[in-house]
Amino acid sequence: MPASQSRARARDRNNVLNRAEFLSLNQPPKGGPEPRSSGRKASGPSAQPPPAGDGPRERRQSQQLPEEDCMQLNPSFKGIAFNSLLAIDICMSKRLGVCAGRAASWASARSMVKLIGITGHGIPWIGGTILCLVKSSTLAGQEVLMNLLLALLLDIMTVAGVQKLIKRRGPYETSPGLLDYLTMDVYAFPAGHASRAAMVSKFFLSHLVLAVPLRVLLVLWALCVGLSRVMIGRHHVTDVLSGFVIGYLQFRLVELVWMPSSTCQMLISAW
């Protein structure tokens, strides 16, 4: 037995793997062998188990957060298109507002531009229509003027209602005038002067016999009224374009509910 033990010790001394630098190769890993799949899963940040106190509701919220972040970082095509058009509208409106202030490039023409805008205001048109209605002595003239008065009142109520609903400010910090407050035209969208000019010009083109130069001047007047509101900084370009569309729709509505001569006479007698 002692001879066999001495031979075993000699073999151990001669074994290369028993040296100090090779001892780690002979020892198994402390945690035991693990499959490759578990090692890959443990390497990711999502492999950590949720805390014991988290319930299913917290886990659902944590799973939804990356998707919400994705939606914020990747907006929809409609949102991108709307924001792009809005930026173009604001940029064009500020560039065209050459009479917006006393320090603007066209500040000397501000009074003339404001005068053009006043020609499309509701108060002068309503006052002038009532005066012509009182002075008129023909049934056809009274019928046209009474329906025009109805269209003007409809325009003021429609524009005031939409402006109160949207509450869009103009491109520049310009306060409305006294006449604007009387007709409740204090916000930017839609442009009341533009809608009124479009409605009145279409009304005259349909119910008055005018020469071709006068018809062209009437259309140019409506366009100049809308442009003047952008030049003084009260409205955006889209406000004016929307006003033109609303004015045309109002004209079509008045045509549908056109009051005949008998109804107009009854209203005039009651008035």
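Calculation rules
Residues numbered from 1 in each chain as written. Predicted model: local features only at pLDDT ≥ 70, side-chain atom pairs only at ≥ 80, totals over all residues. Heavy atoms only, no water. Helix = DSSP H or I, 4+ residues; strand = E, 2+ residues; numbered from the N terminus. Contact = heavy atoms within 4.5 Å. Patch = residues over 30% accessible without salt bridge, like charges linked within 9 Å, V, L, I, M, F, W, Y side chains within 5 Å. Areas by Shrake-Rupley, 256 points an atom, 1.4 Å probe, with all protein chains shown as cover. Salt bridge = Lys/Arg side-chain N within 4 Å of Asp/Glu carboxyl O. Buried < 20%, exposed > 50% of the residue type's maximum accessible area, 1.4 Å probe, protein only. Polar contact = N/O pair within 3.5 Å; in protein donor to acceptor, adjacent residues only side chain to side chain. Phe/Tyr/Trp six-rings, centres within 6.5 Å; stacked < 30°, edge-to-face > 60°.

**Q** Could you clarify how one ought to interpret the environment of A188 in this entry?
**A** Here A188 shows up in the loop between α9 (178-182) and α10 (192-207). With sequence-adjacent residues up to four places away left out, A188 is seen in contact with R168, R169, G170, R234, H235, H236 and D239.

**Q** Sorry, what's going on with a nonpolar patch on the surface here?
**A** Judged by side-chain polarity, V212, L214, V216, L217, V219, L220 and L223 come together as a nonpolar surface patch covering roughly 630 Å² of accessible area. The residue V216 is located in helix α11 (residues 212-231) in this model.

**Q** I would appreciate a short explanation of the side chain of R234 in the present structure.
**A** In this fold, R234 is placed in the loop between α11 and α12 (237-256). Taking relative accessible area as the criterion, R234 reaches 6% and is therefore assigned buried. Of the polar contacts made by the side chain of R234, one reaches the backbone oxygen of D185; its length is 3.0 Å. Setting aside residues up to four positions removed in sequence, R234 forms contacts with G170, P171, T174, P176, D180, D185, V186, Y187, A188 and R229.

**Q** Any chance you could explain the packing of aromatic side chains here in plain terms?
**A** The relative placement of two aromatic rings is captured by the distance of their centres and the angle of their planes. This structure, assessed with the given rule, holds four aromatic pairs. Ring geometry for F203 and F204: centres 6.5 Å apart, planes at 70°, overall edge-to-face. F204 matches F203 in its accessibility class, with the two residues each being buried. Seen in terms of ring centroids, F203 and W258 are 5.9 Å apart; in terms of plane orientation they differ by 25°. Their pairing is stacked.

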